[in-house]
Structure formats: C-alpha cells, structure tokens
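# Breakdown of the fold
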Amino acid sequence: MAFGGAVKLTGESEYRNALRQITQELKTLSSEMKVVATAYDKNDKSVSTLKAKQDDLNKVLEKQKATLANATKAYNDFNAKVQAQKAEHQALEKEYKDAVAELERIKQTSGEASEEYQEQAQVVAELAQKYKKSTDAQTQNEVSLGKLETQLNNAQSAVNGTERELDQLEKELDQAENSTDDCNDSLAKTGDSAKKAEGGFTVL
C-alpha cells in the first residue's frame, strides 16, 4: 500500500490481517471465559468442582497467552516498518525545506522571472505534493499502530484477568482441601475415641 509518493509501507496488509485475526481470537476467548464462568455454581466450593474449573481456566489462559504473543509480534513488526517509513518521511521533509530555501535564494539573486527560478519552483511544487502525501501517511500510520496497540493491551488485560482469577481459585482450592483434611482428621479422632470407649466396656 503506497503512502506518499515513493514512500511505501509494505507491512500494511500484514497489519490488517494480524489485527483482524487478533480481534477474532479475543472475541472467541471472551466467549470461552463466559462459558467457564457460567458452567460452575458459584456456591459449589467442593474440591472436585474447583479443580475442574481450574483446569478449564488454565486451558483458556494458554490460548490467551498465545494470542498475546501473536499480538506482540504483530505490533513490533508493524511498528518497525512504521519507524522506517518515519525516517524516510523526515528525509523527505529535509529535502523539501532545502528546496524551498534554494528557491528563495534564487529569487534573491536571479529574480522570479528567471528560468532557474521557474525550474526550482517546479521542483518545490512536486516535493510539496509528495511531502503532503507522506504527512497524511504518517497520520494514518499512527492511527493503525494505535489500533494494534489497543488489541495488544486487550490481550494483556485478558491474560492478567485470568491469572488473577486462577490465583483466587488457588486460594479457594487450598481452603477446600484444608477443610477436607480437617474433616477427615475429625472423623479419624471420632473413630479412635469410639474404639477406646468400646474397649473400656465391662460385660456383666
């Protein structure tokens, strides 16, 4: 896709494909998170239920991290090409300003009616057109890069959210397992007490 005369950004098509793919992946993962959230009763704090939910969330997290990796690579690749084009734009800007300065010099020395002035004026006009297109391209590049950065941030937020939920789930699982252990200990002590009591009976 051409941006401003000879300045081109070859990564534009790759950027659009990556943005479309990442956007779709985030929508799919969001749906999967909703499924996990509604698949389990919030009041069910049993060990088996918490472990099942943990397994499902870990699967979603793995996919989220893959999407984040894709988004990061797409952003870095596109940003590198944008910065390269920015350098070309700055070189074009310098060339344009130098041409304008030269036109003014010729005006002062030879006058506007001179052939040299007319030729330089044509050079300035052509460079002005290229510079405007390149400037517009830089604006569009920033918009495109911003959209990709937004999706990158969304992917990172999704990972962070799932990791926080897993941390909380881990705490609940520890509590549930400790509660189960306490219950088992209590039952064991009750059984021991019953055996001792039975052994102490006297048959009349």
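What comes next is a walk through the structure. (Residues numbered from 1 in each chain as written. Predicted model: local features only at pLDDT ≥ 70, side-chain atom pairs only at ≥ 80, totals over all residues. Heavy atoms only, no water.)

### Comments concerning the overall build of the protein
- Regarding its fold elements, the protein presents three helices and zero strands.
- Tracing the protein from N to C terminus, the helices and strands come up as α-α-α.
- Out of the 204 residues belonging to the protein, those deemed buried represent 28%.
- Taking the contacts inside the protein whose residues are at least 6 apart along the sequence as the reference set, 82% of them involve residues at least 24 apart. (Helix = DSSP H or I, 4+ residues; strand = E, 2+ residues; numbered from the N terminus. Buried < 20%, exposed > 50% of the residue type's maximum accessible area, 1.4 Å probe, protein only. Contact = heavy atoms within 4.5 Å.)

### Things to note about the nonpolar core
- Core analysis: the largest hydrophobic core is formed by 27 residues, its most contacted members being Ile22, Leu57, Phe78 and Leu148.
- Elements with a minimum of two residues in this core: α1 (12–39), α2 (47–110) and α3 (115–199).
- For this core, the element with the highest residue contribution is α2, accounting for 10 residues.
- Among residues more than four places away in sequence, those in contact with Leu57 are Met33, Val36, Thr162, Glu165, Leu166 and Leu169.
- Residues Leu92, Ala99, Leu103 and Tyr131 belong to the second largest nonpolar core, which totals eight residues. (Core = buried A, V, L, I, M, F, W, Y, C linked by side-chain atoms within 4.5 Å.)

### Quick word on α2
- The end-to-end C-alpha distance of α2, which contains 64 residues, comes to 91 Å, matching closely the 94 Å that a straight helix rising 1.5 Å per residue would cover.
- Of the residues flanking the end of α2, it is Gly111, one or two places downstream, whose phi is positive at about 90°. (Expected span 1.5 Å × (residues − 1).)

### Considering α1
- With 28 residues, α1 ought to run about 40 Å at 1.5 Å a step, and its terminal C-alpha atoms sit 41 Å apart, in line with that.
- Of the positions making up α1, those classed as buried are Glu12, Tyr15, Ala18, Leu19, Ile22, Glu25, Leu26, Leu29, Met33 and Val36.

### Some thoughts on the pattern of salt bridges
- Evaluation of the coordinates by the stated rule reveals 12 salt bridges.
- Taking the shortest distance from any N to any O, the salt bridge between Glu177 and Lys51 comes out at 3.7 Å. With Glu177 in helix α3 and Lys51 in helix α2, this pair connects stretches of sequence that are 126 residues apart.
- Among the residues examined, Glu177 registers a relative accessible area of 27% and is labelled partly exposed.
- One salt bridge connects Lys97 with Glu93, and the closest N-O pair in it is separated by 3.4 Å. (Salt bridge = Lys/Arg side-chain N within 4 Å of Asp/Glu carboxyl O.)

### As for the side chain of Thr162
- Within the secondary structure layout, Thr162 lies in helix α3.
- Among the polar contacts listed, one links the side chain of Thr162 to the side chain of Gln64, at a separation of 2.6 Å.
- Once residues within four sequence positions are removed from consideration, Thr162 is found in contact with Met33, Leu57, Leu61 and Gln64. (Polar contact = N/O pair within 3.5 Å; in protein donor to acceptor, adjacent residues only side chain to side chain.)

### Topic: the environment of Leu173
- Counting through the fold element by element, Leu173 comes out in helix α3.
- Owing to a relative accessible area of 4%, Leu173 belongs among the buried residues under this scheme.
- Residues contacting Leu173, with those up to four places away along its chain left out, are Val47, Leu50, Lys51 and Gln54.

### So, the packing of α1 against α2
- Where α1 meets α2, the closest approach of the two axes is 10 Å, and the angle between their N-to-C directions is 165°. Here α1 is positioned roughly antiparallel relative to α2, judged by the angle of their axes. Crossing of α1 over α2 shows left-handed handedness. From α1, Glu12, Glu14, Tyr15, Ala18, Gln21, Ile22, Glu25, Leu26, Leu29, Glu32, Met33 and Val36 reach across to α2, where they touch Lys53, Asp56, Leu57, Val60, Lys63, Gln64, Thr67, Asn70, Ala71, Ala74, Phe78 and Lys81.
- In the contact of α1 with α2, the residues fall into 12 nonpolar, four polar and eight charged. (Axes fitted to C-alpha atoms, helices over the stretch in contact; angles between N-to-C directions. Parallel < 35°, antiparallel > 145°, perpendicular 65-115°, else oblique. Left-handed = near helix turned anticlockwise from the far one by under 90°. Nonpolar A, V, L, I, M, F, W, Y, C, P; charged D, E, K, R; others polar.)

### Remarks on the side chain of Thr67
- Summarising the element assignment, Thr67 is placed in helix α2.
- With relative accessibility at 4%, the residue Thr67 sits in the buried group.
- Not counting residues up to four positions away in its chain, the partners in contact with Thr67 are Ile22, Glu25, Leu26, Leu29 and Ala155.

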